[in-house]
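Summary of the model geometry
Next come the chains, spelled out residue by residue.
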Amino acid sequence: MQAAIDSKITDAEWEVMRVIWTNQPITSKFISEVLVDKMNWKPATIKTLIGRLVEKGFVSTEQEGNRYLYSATKTESESIHKMTKEVIDHVCATKVGSVLADLIEQSLLSKDDVKRLEEVIQSKKADAVEAVPCNCVPGQCDC
Ligand SMILES: [Zn+2]
């Protein structure tokens, strides 16, 4: 069984995953070319990151002649969903609303984005509670 930490994608690995999601199936050479200017990584670093993503099960490999092609095992939206859920899981349930408000405030949004958010808020109004109960272990928050 893998350790919990192994199921997470690190910041560096996210950079690689984004290239894979956009261009899969893809070679490590192509990933290096995309990220060379942004990250200033050596090809060996890219290969190490891909190796870890393969070990963690986020990337699959397929041999084609003398080269390897990499593909993501989960979609970008599935992975983003998991990441945002992890962010939410790291804060007291009573603070989630203000975390979300903060995220919205910090973000540049299109008119369509705002419309979508309004729809989500409208649907949330129906099952909003008076007060969200704290879900923390005593000593982890001061609710
Ligand atoms: Zn709490």
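See above for the structure.
Residues numbered from 1 in each chain as written. Predicted model: local features only at pLDDT ≥ 70, side-chain atom pairs only at ≥ 80, totals over all residues. Heavy atoms only, no water.

**A short note on the overall build of the protein chain**
Per the secondary structure count, the protein chain includes 6 helices and 2 strands. Along the chain direction, N to C, the helices and strands of the protein chain fall in the order α-α-α-β-β-α-α-α. At 20 Å, the protein chain has a C-alpha radius of gyration far larger than the 15 Å of a compact globule built from 143 residues. In terms of its C-alpha atoms, the protein chain occupies a principal-axis envelope of roughly 60 × 40 × 25 Å. Across the 143 residues of the protein chain, 22% fall into the buried class. Within the protein chain, residue pairs in contact and separated by at least 24 positions form 56% of the contacts whose partners lie at least 6 positions apart. (Helix = DSSP H or I, 4+ residues; strand = E, 2+ residues; numbered from the N terminus. Rg over C-alpha atoms; globule rule 2.2 N^0.38 Å. Buried < 20%, exposed > 50% of the residue type's maximum accessible area, 1.4 Å probe, protein only. Contact = heavy atoms within 4.5 Å.)

**Here's the deal with the packing of aromatic side chains**
The full count for this structure, using the stated rule, is 1 aromatic pair. Their ring planes at 55° and their centres at 5.4 Å tell us that Trp-14 and Trp-21 sit as a pair that is tilted. As far as burial versus exposure is concerned, Trp-14 and Trp-21 are alike and both buried. (Phe/Tyr/Trp six-rings, centres within 6.5 Å; stacked < 30°, edge-to-face > 60°.)

**Describing the coordination of the zinc ion**
Protein coordination of the zinc ion is provided by Cys-92 (SG), Cys-134 (SG), Cys-136 (SG) and Cys-141 (SG), with donor distances spanning 2.2 to 2.4 Å. Note that the zinc ion binds 4 donor atoms; their angles at the metal cover 95 to 131°, and the shape is tetrahedral. Positions of the donor residues of the zinc ion along the chain correspond to the pattern C-x41-C-x1-C-x4-C. (Donors = N, O, S within 2.8 Å, 3.2 Å for Na, K, Ca; no water. Tetrahedral: all angles 85-135°; square planar, octahedral: opposite > 155°, others 65-115°.)

**Brief notes about the pairing of strand β2 (residues 67-72)**
Relative to β2, strand β1 (residues 59-64) runs antiparallel, the two being bridged by 6 bridges. Looking at β2, one finds that Glu-62 is bridged to Leu-69. Hairpin connection from β1 to β2: 2 residues lie between these consecutive antiparallel strands, with Gly-65 at a positive phi of about 65°. (Pairing = 2+ DSSP bridges.)

As far as function goes, none of this settles anything; it's purely spatial.
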